[in-house]
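The residues making up each chain are set out below.
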Amino acid sequence: MKRIFGRLQIPCFHNYAYVIFGMLFALTLLVFCAPLLPLDPLSTDLSKKFAAPSLEHWLGCDHLGRDVLSRLIFGAHTSLVSLLIISSCIAVFSFVVGIVAGFKGGIFDSVLMRICDVFFVFPTFILALFFIGILGVGIENVILSIVLTHWAWYARVVRSIVLEMRTKGFVQAARAQGFGDFYIMRVHIFPAVFAQMIILLTLDLGHMLLHIAALSFLGLGVQAPTPEWGIMIADSAPYIMEYPELMLLPGVCIFLTVALFNTAGEIVRDWLDPEENLKRSEFYV
């Protein structure tokens, strides 16, 4: 890990960056501590149907008398844990494919890139609907469908970085000295690929979160009564005129979380991509 982060300087963030990362840390802490909280998002009590906010239920209750706050918290847990699994699978799979295609070349490169071209033909959301139609509904199939629809773009980026790095003088010098492929990839290529993968994933987290929420809203992802922001919006749609807050609250959670991920992605890009940071500096001069 020292070889990866050794040349990275500690970033000099603006004040707003610390606020963003603080909010991100608080959200992460809340998500992973949700199962430990004394809350039951599945408990129903029809006597409290559409109950107003109170000391017992801070954000009121929904059409089945379930506590809205607890469902929002556990909905965040469902969405963000799924997002973590998706991003991890995409990173590993696209890294392997991109490295093999870019470093080995030849028939491996041709076959793998033609497979990637097939996935580029269709919009990711439409392709996700296609895979769910084949695999069936459920959060597991949503995770798999999003991985299948996003890995090709990441693999193409990894391949382009590897193709650029393998022509560098220090890589050629290492090969001339007798170092093997594994050593060259670990020391010279992996750090560059790792930094770009972090940038791409952080910038794409909001996009993938919207996919999870949209598929659940359509009834193809998380199934009732499991709490999730998308399905909470779908369940509250019939009561939008009388109780709009039931749709507004999960919608605001999605909006703020996507905005938080996008802003954090911009900050990480400025930190890990010196060229982009230089361009921004020259622009504002």
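What you see is a predicted model, and the numbers here were worked out from it, not measured in a lab.

If you walk through the whole model with that rule in mind, you get 0 disulfides. With no disulfide of its own, Cys 33 lies closest to Cys 253 among cysteine sulfurs, the gap being 17 Å. Classification of Cys 33 by relative accessible area gives partly exposed; the value is 28%. The structure places no disulfide on Cys 89, whose sulfur is separated from the nearest cysteine sulfur, that of Cys 116, by 17 Å.

Across all of its chains, the model carries 7 salt bridges by this definition. Residue Asp 109 pairs with Arg 159 through a salt bridge whose shortest N-O separation is 2.6 Å. With Asp 109 in helix H4 (residues 106–120) and Arg 159 in helix H6 (residues 139–165), the pair connects residues that are 50 residues apart, well separated along the chain. Its relative accessible area of 13% is what places Asp 109 among the buried residues. Note that Glu 266 and Arg 269 form a salt bridge whose closest N and O atoms lie 2.4 Å from each other. In this pair, Glu 266 and Arg 269 are both assigned in helix H10 (residues 245–272), 3 residues apart and thus about one turn of the helix distant. Here the salt bridges do not stand alone but share partners, grouping Asp 62, Arg 66 and Arg 71 into one network.

Rules and cut-offs
- Residues numbered from 1 in each chain as written.
- Predicted model: local features only at pLDDT ≥ 70, side-chain atom pairs only at ≥ 80, totals over all residues.
- Heavy atoms only, no water.
- Disulfide = S-S within 2.5 Å.
- Buried < 20%, exposed > 50% of the residue type's maximum accessible area, 1.4 Å probe, protein only.
- Salt bridge = Lys/Arg side-chain N within 4 Å of Asp/Glu carboxyl O.
- Helix = DSSP H or I, 4+ residues; strand = E, 2+ residues; numbered from the N terminus.

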